[in-house]
Amino acid sequence: LLQEHITIVHFLTMLVGAGGNAGNQSCVRVIRGLAVGNLSDSNIVAYLFHELKMAIMLSFILAISGAIRAAVFLVPLGEMIAITS
């Protein structure tokens with residue numbers, strides 16, 4: 001697959017790095033919330049909703065920046081959609 005679509009290789013670091021950073025951010029926030037007492041049974045839904053909003057905002061930012069980068073490098077439309085979705 002990568003041999004047929006070599007342009008995807010240029011975006012792998014962005015994709016893998018974003019996934020790792022997003023997962024680490026959520027873990028750190030939950031662990032910190034548990035440690036300092038900010039996270040409890042009464043506010044867990046609000047806490048998770050906040051994390052969901054952050055995940056959606058980050059995904060939009062990454063999709064837009066990935067699309068701009070793909071457009072600059074003249075990536076074919078099909079591959080651009082695969083990279084940014």
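Anything mentioned here points back to the structure above.
Conventions and cut-offs
Residues numbered from 1 in each chain as written. Predicted model: local features only at pLDDT ≥ 70, side-chain atom pairs only at ≥ 80, totals over all residues. Heavy atoms only, no water. Patch = residues over 30% accessible without salt bridge, like charges linked within 9 Å, V, L, I, M, F, W, Y side chains within 5 Å. Areas by Shrake-Rupley, 256 points an atom, 1.4 Å probe, with all protein chains shown as cover. Salt bridge = Lys/Arg side-chain N within 4 Å of Asp/Glu carboxyl O. Helix = DSSP H or I, 4+ residues; strand = E, 2+ residues; numbered from the N terminus. Buried < 20%, exposed > 50% of the residue type's maximum accessible area, 1.4 Å probe, protein only. Core = buried A, V, L, I, M, F, W, Y, C linked by side-chain atoms within 4.5 Å. Contact = heavy atoms within 4.5 Å. Polar contact = N/O pair within 3.5 Å; in protein donor to acceptor, adjacent residues only side chain to side chain. Expected span 1.5 Å × (residues − 1). Arc of directions from axis to C-beta.

Asks: Account for a nonpolar patch on the surface, naming residues and giving values.
Replies: Taken together, the side chains of F49, L52, I56, F60, I64, I68, V72 and F73 make up a nonpolar region of the molecular surface, amounting to roughly 870 Å² of accessible area. By the secondary structure assignment, V72 is in helix α2 (residues 44–72). With relative accessibility at 61%, the residue V72 sits in the exposed group.

Asks: Tell me about the nonpolar core, and name the residues and values.
Replies: Grouped together as the largest cluster of nonpolar side chains are 7 residues: I8, F11, M14, A70, V75, M80 and I83. Those residues in contact with V75 that sit more than four places away from it in its chain are T7, F11, A70, M80 and I83.

Asks: Give a description of unusual backbone geometry that names residues and reports values.
Replies: Positioned with a positive phi, L74 is a non-glycine residue whose angle comes to about 55°. Along the chain, L74 falls in the loop between α2 and α3 (77–84). Judged by its relative accessible area of 74%, L74 is exposed.

Asks: Describe the side chain of E51, and please don't skip the residues or the numbers.
Replies: Note that E51 resides in helix α2. Looking at E51, its side chain comes within polar contact range of the side chain of R29, at 2.3 Å. If we ignore the near neighbours within four places in the chain, the residues touching E51 are S26 and R29.

Asks: Give a description of α2 that names residues and reports values.
Replies: A rise of 1.5 Å per residue sets the reference length of α2, with its 29 residues, at 42 Å; its end C-alpha atoms lie 42 Å apart and thus fit the reference within 8%. One or two residues past the end of α2 sits L74, with phi positive at roughly 55°.

Asks: Provide a residue-level description of α3, including the pertinent values.
Replies: Restricting attention to buried positions, one finds in α3 the residues E79, M80 and I83. Taken around the axis of α3, the buried residues stretch over an arc of 105°, which confines them to a single face. Opposite the packed face of α3, turned more than 90 degrees from it, sit the exposed residues L77 and G78.

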